[in-house]
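Single-letter residue listing:
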Amino acid sequence: MAPAPSFRGHQWTYNPVRGSCLLLLLVMSNLLLCQGNSCPSCGPDVFVTFLKSLTDLFIDASWLSHDFYNLSTIMFHKFDEKYAQGKLYYINATKSCHTNSFHAPEERHKAQQMNNEDLSKWTLVLLYSWNKPLYHLVTELQSMKEVSEAFLSSTIEIENMSDKLQIFIESQFSKIIVSALKTIHEAPSSWSGLPSLMSSDEDRRLSEFYNLFHCLRRDSGKVDTYIKILACRICKTC
């Protein structure tokens, strides 16, 4: 998997006024155009099926984001238990998160105040910002002989979940991709922990691993919150 974000195929478009349910209006319009004509495929069942399909997509995404956050939390605690006991890595962990400069809302009530466009943009900003760190996190873990196969597999699974969530958000809100990438490009800081992650100083290296797992747990929680809010809105609207 490439360490940097990439553009993928986009199927649907997004409008900040109507949210991702703009397609519903298009479907309804097509159904109305078909009225009075011989168009068996344009019956009410088509619209109902589409609604169910869209709802199912967002429900599946909310489960995926839940698993993303849950596994990230488990991995942080496992790393903390095995490598950080008696250490002081936690002191600067929160301050050193590379996504701090984005100021993406962490509390649910603040996230609920955002419209769908902002929610989807911040979701992508966070996910894109983890592409490079996750790539190197997996790579460097593979070079640690004491890391178990189960631990490594779980970290790879986290990376795969992040990629799947990116694909989903991109497909539903394709117009905010450029805005998300612009936000990352204009950020005053970015992840700069690779030298520490590759350091021959074991304490420095483990400290960076700790920081990454700690910050990933926090940011995956934000992503989970944003996607669940979007799913709730889409299900209610549709």
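Quick look at the structure, then. (Residues numbered from 1 in each chain as written. Predicted model: local features only at pLDDT ≥ 70, side-chain atom pairs only at ≥ 80, totals over all residues. Heavy atoms only, no water.)

### Side note on unusual backbone geometry
Excluding glycine, a negative phi dihedral is what most residues carry, and trans is how most peptide bonds are arranged.
Thought 1: Within the chain, His-103 stands out as a residue other than glycine whose phi angle is a positive 55 degrees.
Thought 2: Inspection of the secondary structure assignment puts His-103 in the loop between α2 (44-83) and α3 (108-111). (Helix = DSSP H or I, 4+ residues; strand = E, 2+ residues; numbered from the N terminus.)

### What to know about the environment of Lys-121
Thought 1: By secondary structure assignment, the location of Lys-121 is in helix α4 (residues 116-129).
Thought 2: A residue is classified by how much of its surface remains accessible, and Lys-121, at 16% relative accessible area, is buried.
Thought 3: Sequence separation between Lys-121 and Ala-180 is 59 residues, and the spatial gap between their C-alpha atoms is 5.4 Å.
Thought 4: Lys-121 has contacts with Ile-176, Ser-179, Ala-180 and Thr-183, leaving out every residue within four places of it along the chain. (Buried < 20%, exposed > 50% of the residue type's maximum accessible area, 1.4 Å probe, protein only. Contact = heavy atoms within 4.5 Å.)

### Brief notes about α4
Thought 1: With 14 residues, α4 ought to run about 20 Å at 1.5 Å a step, and its terminal C-alpha atoms sit 20 Å apart, in line with that.
Thought 2: Of all 14 residues in α4, 12 are buried, a share of seventy percent or more.
Thought 3: All of the buried residues along α4 are Asn-116, Leu-119, Ser-120, Lys-121, Trp-122, Thr-123, Leu-124, Val-125, Leu-126, Leu-127, Tyr-128 and Ser-129.
Thought 4: N-capping of α4 is provided by Asn-115, with a side-chain oxygen placed 3.2 Å from the backbone N of Glu-117. (Expected span 1.5 Å × (residues − 1). Polar contact = N/O pair within 3.5 Å; in protein donor to acceptor, adjacent residues only side chain to side chain.)

### Overview of the packing of α4 against helix α7 (residues 177-185)
Axes are the key here: two packed helices are described by the angle between their axes and the distance separating the axes.
Thought 1: Remark: α4 packs on α7, axes separated minimally by 9 Å, with the N-to-C direction vectors making an angle of 55 degrees. In terms of their interaxial angle, α4 and α7 are classed as oblique. The two elements α4 and α7 cross, and the hand of that crossing is right-handed. Residues Lys-121, Trp-122, Leu-124, Val-125, Tyr-128 and Ser-129 of α4 lie in contact with α7, whose contacting residues are Ile-177, Ser-179, Ala-180, Leu-181, Thr-183 and Ile-184.
Thought 2: Class assignment for the residues of the contact of α4 with α7 results in eight nonpolar, three polar and one charged. (Axes fitted to C-alpha atoms, helices over the stretch in contact; angles between N-to-C directions. Parallel < 35°, antiparallel > 145°, perpendicular 65-115°, else oblique. Left-handed = near helix turned anticlockwise from the far one by under 90°. Nonpolar A, V, L, I, M, F, W, Y, C, P; charged D, E, K, R; others polar.)

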